[in-house]
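Structural overview
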Protein chains: 4
Amino acid sequence: MSRLKRIVESPDTPAGLVFDLVVQALVILSLVSFSIETLPGLSSTWQKRLDVAEAVVVALFTVEYVLRILVADRKRSFIFSFFGIVDFLAILPFYLSLGIDLRSIRVFRLLRVVRVFKLARYGGAVRRFHRAARIAKEELVLFASVALILLYLSAVGIYYFERSAQPDKFGSIFQSLWWAVATMTTVGYGDVYPVTVGGRLFTFLILMVGLGIVAVPTGLFASALSKARELESDEP
Amino acid sequence: MSRLKRIVESPDTPAGLVFDLVVQALVILSLVSFSIETLPGLSSTWQKRLDVAEAVVVALFTVEYVLRILVADRKRSFIFSFFGIVDFLAILPFYLSLGIDLRSIRVFRLLRVVRVFKLARYGGAVRRFHRAARIAKEELVLFASVALILLYLSAVGIYYFERSAQPDKFGSIFQSLWWAVATMTTVGYGDVYPVTVGGRLFTFLILMVGLGIVAVPTGLFASALSKARELESDEP
Amino acid sequence: MSRLKRIVESPDTPAGLVFDLVVQALVILSLVSFSIETLPGLSSTWQKRLDVAEAVVVALFTVEYVLRILVADRKRSFIFSFFGIVDFLAILPFYLSLGIDLRSIRVFRLLRVVRVFKLARYGGAVRRFHRAARIAKEELVLFASVALILLYLSAVGIYYFERSAQPDKFGSIFQSLWWAVATMTTVGYGDVYPVTVGGRLFTFLILMVGLGIVAVPTGLFASALSKARELESDEP
Amino acid sequence: MSRLKRIVESPDTPAGLVFDLVVQALVILSLVSFSIETLPGLSSTWQKRLDVAEAVVVALFTVEYVLRILVADRKRSFIFSFFGIVDFLAILPFYLSLGIDLRSIRVFRLLRVVRVFKLARYGGAVRRFHRAARIAKEELVLFASVALILLYLSAVGIYYFERSAQPDKFGSIFQSLWWAVATMTTVGYGDVYPVTVGGRLFTFLILMVGLGIVAVPTGLFASALSKARELESDEP
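Focus on the overall build of chain A
Across its full length, chain A carries 10 helices and zero strands. Ordered by position from N to C terminus, the α and β elements of chain A give α-α-α-α-α-α-α-α-α-α. For chain A, buried positions account for 46% of its 236 residues. Within chain A, counting contacts between residues at least 6 apart in sequence, those at least 24 apart form 67% of the total. Working note: accessible area of chain A is about 11900 Å², and carbon and sulfur atoms make up 69% of it.

Quick word on the packing of helix H1 (residues 2-9) of chain D against helix H3 (residues 44-71) of chain D
To describe two helices that pack against each other, one gives the angle between their axes and the distance between the axes. Residue and element names in this part refer to chain D. Where H1 contacts H3, the axes come no closer than 10 Å and their chain directions differ by 120°. For the element pair H1 / H3, the angle class is oblique. Here the hand of the crossing between H1 and H3 comes out left-handed. Listed contacts from H3 to Leu4, Lys5, Val8 and Glu9 of H1 are Leu67, Arg68 and Val71. In the contact of H1 with H3, the residues fall into four nonpolar, no polar and three charged.

What to know about the confidence of the model for chain A
Residue and element names in this part refer to chain A. Of all residues in chain A, 75% have pLDDT values of 70 or greater, and the mean over the chain is 81. Per-element mean pLDDT across chain A ranges from 58 in helix H6 (residues 105-109) up to 92 in helix H9 (residues 173-184). For this predicted complex, the interface confidence reaches an ipTM of 0.83, while the overall pTM sits at 0.85.

Some words on the pattern of salt bridges
Two side chains that carry opposite charge are able to pair once their charged atoms sit near each other. All names here are of chain B. Per the stated rule, a full pass over the model turns up 18 salt bridges over all chains. When the shortest N-O distance is used, the salt bridge between glutamate 64 and arginine 68 registers 2.9 Å. Linking glutamate 64 with arginine 68, this pair stays in helix H3 (residues 44-71), spanning four residues, or about one helical turn. A residue is classified by how much of its surface remains accessible, and glutamate 64, at 4% relative accessible area, is buried. For arginine 68, a relative accessible area of 7% corresponds to the buried category.

Here's the deal with the packing of helix H2 (residues 14-37) of chain C against helix H3 (residues 44-71) of chain C
Residues and elements named next belong to chain C. Where H2 meets H3, the axes come as close as 10 Å, and the angle between the chain directions of the two elements is 145°. Handedness of the crossing formed by H2 with H3: left-handed. Along its contact with H2, which presents Phe19, Asp20, Val23, Leu26, Val27, Leu29, Ser30, Ser33, Ile36 and Glu37, the element H3 presents Gln47, Leu50, Val57, Leu60, Phe61, Glu64, Leu67 and Arg68. Across the contact of H2 with H3, the residue classes break down as 11 nonpolar, three polar and four charged.

Description of a nonpolar patch on the surface
Side chains of Val52, Val56 and Leu60 of chain A sit close together on the surface and give an oily, nonpolar patch of about 250 Å² of accessible area. Relative to the assigned elements, valine 56 of chain A resides in helix H3 (residues 44-71).

Examining the environment of phenylalanine 204 of chain D
Tracing the backbone shows phenylalanine 204 of chain D in helix H10 (residues 197-234). We classify phenylalanine 204 of chain D as buried; its relative accessible area is 14%. What phenylalanine 204 of chain D contacts, discounting residues up to four positions off in sequence, is Leu148, Leu151 and Val181 of chain A.

A few points about the packing of aromatic side chains
With the rule as written, the count across this model stands at 32 aromatic pairs over all chains. Judged by centre distance (5.9 Å) and plane angle (40°), the rings of tyrosine 193 of chain A and tyrosine 189 of chain B are tilted. In this pair, tyrosine 193 of chain A is assigned in the loop between H9 and helix H10 (197-234) and tyrosine 189 of chain B in the loop between helix H9 (173-184) and helix H10 (197-234), connecting two distinct chains. On the accessibility criterion, tyrosine 193 of chain A (22% relative accessible area) is partly exposed. Here the aromatic rings of phenylalanine 161 of chain B and phenylalanine 202 of chain B are separated by 5.7 Å at their centres, their planes lie at 40°, and the arrangement is tilted. Of this pair, phenylalanine 161 of chain B sits in helix H8 (residues 137-162) while phenylalanine 202 of chain B sits in helix H10; the two residues are 41 residues apart in sequence, bridging distant segments of the chain.

Some remarks on unusual backbone geometry
Residue and element names in this part refer to chain A. Backbone geometry at threonine 186 places phi at a positive 65°, although glycine is not the residue there. Within the secondary structure layout, threonine 186 lies in the loop between H9 and H10. For threonine 186, a relative accessible area of 9% translates into the label buried.

Some words on H3 of chain A
Taking 1.5 Å as the rise per residue, H3 of chain A with 28 residues should run 40 Å; its terminal C-alpha atoms sit 41 Å apart, in good agreement. For H3 of chain A, the full list of buried residues reads Leu50, Glu54, Val57, Val58, Phe61, Thr62, Glu64, Tyr65, Leu67, Arg68, Ile69 and Val71 of chain A.

Thoughts on the environment of threonine 183 of chain D
Relative to the elements of secondary structure, threonine 183 of chain D occurs in helix H9 (residues 173-184). For threonine 183 of chain D, a relative accessible area of 0% puts it in the buried group. For the pair threonine 183 of chain D and threonine 203 of chain D, spaced 20 residues apart in sequence, the C-alpha separation works out to 8.5 Å. The contacts of threonine 183 of chain D, once residues within four sequence positions are left out, are Val187 and Tyr189 of chain A together with Thr203 and Leu207 of chain D. Here the side chain of threonine 183 of chain D touches tyrosine 189 of chain A through a polar contact of 2.6 Å, side chain to side chain.

Some remarks on helix H2 (residues 14-37) of chain B
For H2 of chain B, with 24 residues, the first-to-last C-alpha span of 35 Å sits near the 34 Å given by 1.5 Å per residue. Along H2 of chain B, the residues that are buried comprise Gly16, Phe19, Asp20, Val23, Leu26, Val27, Ser30, Leu31, Ser33, Phe34, Ser35 and Glu37 of chain B.

Scoring rules and cut-offs
- Residues numbered from 1 in each chain as written.
- Chains lettered and ligands numbered in written order.
- Predicted model: local features only at pLDDT ≥ 70, side-chain atom pairs only at ≥ 80, totals over all residues.
- Heavy atoms only, no water.
- Helix = DSSP H or I, 4+ residues; strand = E, 2+ residues; numbered from the N terminus.
- Buried < 20%, exposed > 50% of the residue type's maximum accessible area, 1.4 Å probe, protein only.
- Contact = heavy atoms within 4.5 Å.
- Areas by Shrake-Rupley, 256 points an atom, 1.4 Å probe, with all protein chains shown as cover.
- Axes fitted to C-alpha atoms, helices over the stretch in contact; angles between N-to-C directions.
- Parallel < 35°, antiparallel > 145°, perpendicular 65-115°, else oblique.
- Left-handed = near helix turned anticlockwise from the far one by under 90°.
- Nonpolar A, V, L, I, M, F, W, Y, C, P; charged D, E, K, R; others polar.
- pLDDT = per-residue confidence, 0-100.
- Salt bridge = Lys/Arg side-chain N within 4 Å of Asp/Glu carboxyl O.
- Patch = residues over 30% accessible without salt bridge, like charges linked within 9 Å, V, L, I, M, F, W, Y side chains within 5 Å.
- Phe/Tyr/Trp six-rings, centres within 6.5 Å; stacked < 30°, edge-to-face > 60°.
- Expected span 1.5 Å × (residues − 1).
- Polar contact = N/O pair within 3.5 Å; in protein donor to acceptor, adjacent residues only side chain to side chain.

Listed below in structure tokens is the structure:
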């Protein structure tokens, strides 16, 4: 039992590393097959192959889930932990689909994508992100609020300037908000853009202010993260 | 009276926190209803509901405004402070619209958006931004000037290269300035872009220089902000 | 004479400040009038007004240029300094246009834009930029080279993937270079984009690498600039 | 022999510097001629001129390659080093094309672009990049994983929201991934964009999270690079 525990829970041992790599490979295989299924005009031969692959993957994930419960010291707290729930949700859709009418499943199947979070178990990623988020938290909240207020103000402004020139594209503040999102993030799809002189001047001014507001948190988080790394290396 | 004062002015006490959260919820409710009103083809039933909601919100904001004046130690200086004026402007449009002809109000109603600034009262946001802006001020002014000069030069340059190939899109320096804004911020809507070899080469060169100029202030402000945080934590 | 010198050369004194502000206002006025001239369908009445404004501005700039030479301690070195040449070029086009045939002037008139550099005389901008550029020089050159190599490689790559699918847009490496510029800077006009699966995968990979390469110099220059500021404040 | 060695291997001496500059000029000449060859409708006269230029360049590169082997202390380790292989691949396509049927060469000729790496020999670029990559390695891997997971999740999300509204553009997860790449990098070509309310809200949320994730590594690498520079200057 304690040998099994070491394999399942410690990726430091050779056997544990193999176990983890196999699980990760299964996750990626399962996501690829999930993506292929969405291809339009898939032949029924391929559909069957993917169904078989899915069944095999779910079987193996079920084994993994049961193993993790078995070796856990505090079974209850594992089941209700983040990764315990992820592991459960990763296999749930399959078993539910066995009992339910086939029509309603399509959207439900999207839940399989939750498996991607199984990849996050490795590498101390979660812990370090958590710590960096805690250091820069106050500033991030502050900037998020300012960014939201600015987004709203720019939507109201462009609505005022463009609604008579382009009533189909800037017909309400909600439509203008879409322009604000596409512009302030500098994505700029080009489906909506101002055509009046006032609207263009307004776009210029709001971009000058907005680029900083949207981009600054990035720098804050980066410096918080390097601080988090320093704190970790100071620990014993 | 002093109990009322504590509720209105100190969000640290439980009652004060509730008061603030109610005001913030009202602001957001009022902005949402303001946005819904701009939807084209709104039924008159909904229009009436929104009018009622607006009246209720204004009534409550009026009560809040009167309370804040009552509890203020120096009433005059509150009325003419930034938030005093914001609170006043937040209710003014409604009362004015009761006495004035209905036609001219539409644009005037946009003033209601000033309520968004009531959200900024909380969290020390204003003070910290102010301090960070003061630290990085000289560099920000410097970069803003350089960015404006560069924008103008790139507009003149692209006007020279593209005016004969696309006279409808690069017909004057003002039109070229719109291209310069959309390009230097990397928004790139795609409504105007160079088609000549010279114009494309020029775009490449000006982007290489410009990306730095436009993006650098961001980094400066981020480092100024973390310096402002350090200064604050040094204070007693 | 020494009073005149103080007015022309020291913006610290009240009279010197007024002198500088007047010159800056003239520069901006002259650039605005230059931009208005490019508007198509300008009435001849306005054209005449702009011609008068231009003559007045050039007269004043000539006075300024002569003054600056008069008060300079080393006249020769002022005339051949950066700002000496800028001041000369700012008035040259006008005087040349008096003697030359009117047809060929249009392009030549663009030279008037050189006046924008007169604005750079103020605020220690030039010195600080120079210093920051010197600190980060080696890295900037390094990154510029890497960015150019990457741009070229991505143009060759996309040419390989897309030339048969879109021969009109990716017909040669030069055309592909335009795509590379618009993509790696994330401007993304949308006039050219990959449509093949291979081209899209290639775009993804090259963007992952390229975004860092193009964006990193920004951070380097920002930190170099704040170092330049520290060095300045250490000086007496 | 030892004089030849100094010319070929040390760009610090005048003769060595000339040697290096000549090689670099040849590389750039060869890349330009390679680009010109891809121009459609090239006259056969020019084609011939380019063929001659190519032959001359290859001859000189062959001489350079032989020289480098001759002067190398450990010939074997040079031949199998990164730059040894680059030098070999730079001339290989030409000699192979002499013996093989002309049809199949076109794609093969693209290999000539490997010459661009000969430019990387200079300036300590490789060593410094290597060192910076090692410092920030763990974070870069971490962020790359998170970015990939986020890209996949956003593709699945947008597929769910847009597939019924735009079945031709968001028909499968693979097509949605293309949208995710163009959006999360903020390139935003504008060939695919969400049109449903759900899809646009989702785009907003995923961009808020994603911009940070994609942009943060940049800041990390920049600070790692400046640390690498400090370490270098500490060395004797």
